Amino acid sequence: MTTGHDQLRATLRDAVGSAGWLEVSDAPGMVVDFRGIYSGQPVAIVRPGTVDEVRAVVRACAAAGVAIVTQGGHTSLSGGSVPTDDRPSVLLSTSRMTRIESIDPARYTITVEAGCTIEQIQQAAAAVDRQLGMDWGARGTATVGGAVSTNAGGLNVLRYGPTRDSVVGLEAVLADGEVFDGLRALRKDNTGYDLKHLFIGGEGSLGIVTRVVLKLHPRQDHHRTFFAALVELENVHDLYDRACALDHAGLTAFELVPEAGVAGTIESFGVVRPMATRSDWYLLGRFSGTSPVDDTATTFLSEAVEAGLLLDAVVADTAAQEENLWVLRDELPPETLFDVKGAKFDAAVPIDRVADYQRAAEAVAAELCGDEAVVYAFGHLGDGNLHLYVNASLERGSRMDPARVDEVQAAIDRLTWEMGGTVSAEHGVGQELLDRVAGQKSAVELAMMRRVKAALDPDDLFNPGRGAHCAPVAADDGGTT
């Protein structure tokens, strides 16, 4: 380590104090993503506890020419929250910034620091008879700062939208150490560019989000979660239309679940099989409201069975049954369920093309990998977001040849774009999709992103080499840069 870095380390340690300092050797889990794909060795790990400490870290790193990678709950699935080895970097964790600063039930808002977990905010809202719209499986780990930076989606997008729709205001530390104060909790403010949106989905590339004002909603104490066996996958959009016609606002989840995932969660996590009837595909959904929704769920399911769209269905009658269904959903990712590695996709297509997309992906996999290839998919039917994986098999420890992975990814990415979709619905670009997203973005769009980056972070201080603005221009769009 150079003397310059020694000096920087000393400056940073003084800035954050002993409580905010971590030796890199004492925190090996922070420098590698949980899939073990991306890693890097930072100059230092700091955990500032206040906005002023964040500012001090930013100014020290800027003066030393050392980059900053910000890390929240470290649940990134695209390699966006680990240190970079492309240039010296400091890993800045928001894990000490966990204060809920204020909650205003009358205004339906809550102001929190960036390191608060989603579950922590949910509990605070419930304590004052309010509800946070955002929710996903990693609620106990994922932080609001990370959610804002990736514009995370999750289980409640149907009712409440992605993170962007929950953010009323935010505060961020800029590359020169100044603070953008956009914490005004107004629902309407038509006085120019709404600059907070630059930081939502920016993957930490324009500034460090430190505080956020989030929108709250009336607490919905009445829920009915249901699990249904599909006659065939192609029925999903008809089912979605029927559910929306009954209670569009009350439909808070509409998820696709494969039989392979049901069997896997039963074996690995002790999940109870929800029904005796088996199918290749299942629908996991939920109606919610401030008044009972029992009749809504029952009507939807009985009419769908009568119409020949469902084989069978059950409704969770107890808290234990409901928890069982959502544990099943939360544990579906095959990386942990089966310990397999292949081609991974976080794609979204128009909601009426989900079944077509799955079938076309199966055809691509069979053509490139043979009939033994498995296309494993689950996800959010109501917003067209499928988490899709192509694996050599689902045998534990199965690995697909890296060259074949690249071939499959390229083919299915093309399929995604042909259907008017995106290669990143909610996980962000990070490092993983840099080359792949280039085929989706025009040269004009990439150039606009780069101009914004250059204006706010001219020295590329924040999270260098990650995010869509770093993608090369596609060859048919003016040549790679």
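To keep things clear, this report deals only with the structure shown in the data block. (Residues numbered from 1 in each chain as written. Predicted model: local features only at pLDDT ≥ 70, side-chain atom pairs only at ≥ 80, totals over all residues. Heavy atoms only, no water.)

**Considering the pattern of salt bridges**
Here is the rule: Salt bridge criterion: a side-chain nitrogen from Lys or Arg within 4 Å of a carboxyl oxygen from Asp or Glu. Under the DSSP-based scheme used, a helix requires at least four consecutive residues in state H or I and a strand at least two consecutive residues in state E, with every element numbered from the N terminus. Residue burial is assigned from relative accessible area. The probe radius is 1.4 Å, only protein chains are included, and a residue is buried under 20% of its type maximum, exposed over 50%, and partly exposed in between.
Overall, the coordinates contain 28 salt bridges when judged by the stated rule. In this structure, Arg-55 engages Asp-52 in a salt bridge whose closest nitrogen and oxygen atoms are separated by 4.0 Å. One end of the pair is Arg-55 and the other is Asp-52, both in helix H2 (residues 51-64) and 3 residues apart, which spans about a single turn. A salt bridge links Asp-413 to Arg-436; its shortest N-O distance comes to 2.8 Å. Placement of Asp-413 in helix H13 (residues 402-418) and of Arg-436 in helix H14 (residues 434-437) is noted, with a sequence separation of 23 residues between them. Of the two residues examined, Asp-413 and Arg-436, each falls in the buried class. Taken together, the shared-partner salt bridges connect Arg-9, Arg-13 and Glu-23 into one network.

**A few points about the sheet that holds strand E14 (residues 310-315)**
Quick note on the threshold: Two strands make a pair as long as DSSP finds a minimum of two bridges between them. Axes here refer to lines fitted to C-alpha atoms; in helices the fit is confined to the stretch in contact. Angles between the N-to-C directions go from 0 to 180 degrees. Any two residues having at least one pair of non-hydrogen atoms within 4.5 Å are treated as being in contact.
Pairing is antiparallel across the open sheet formed by 7 strands, whose spatial order is E14-E11-E13-E12-E16-E17-E15. Here the strands that pair on one side only, and so sit at the sheet edges, are E14 and strand E15 (343-348). Going across the sheet, the axis of each strand differs from the next one's by a mean of 15°, ignoring polarity. As judged from the 7 bridges shared by strand E12 (residues 251-258) and strand E13 (residues 281-289), these two strands associate in the antiparallel manner. Looking at the pairing, Glu-255 lines up with Leu-284 of E13. Strands strand E11 (222-230), E12, E13 and E14 of the sheet are contacted by helix H7 (residues 236-247), whose axis makes an angle of about 160° with E12. Strand contacts of helix H12 (residues 354-369): E13, E15, strand E16 (374-380) and strand E17 (385-391), with the helix running at about 15° to E17, the strand carrying the most contacts.

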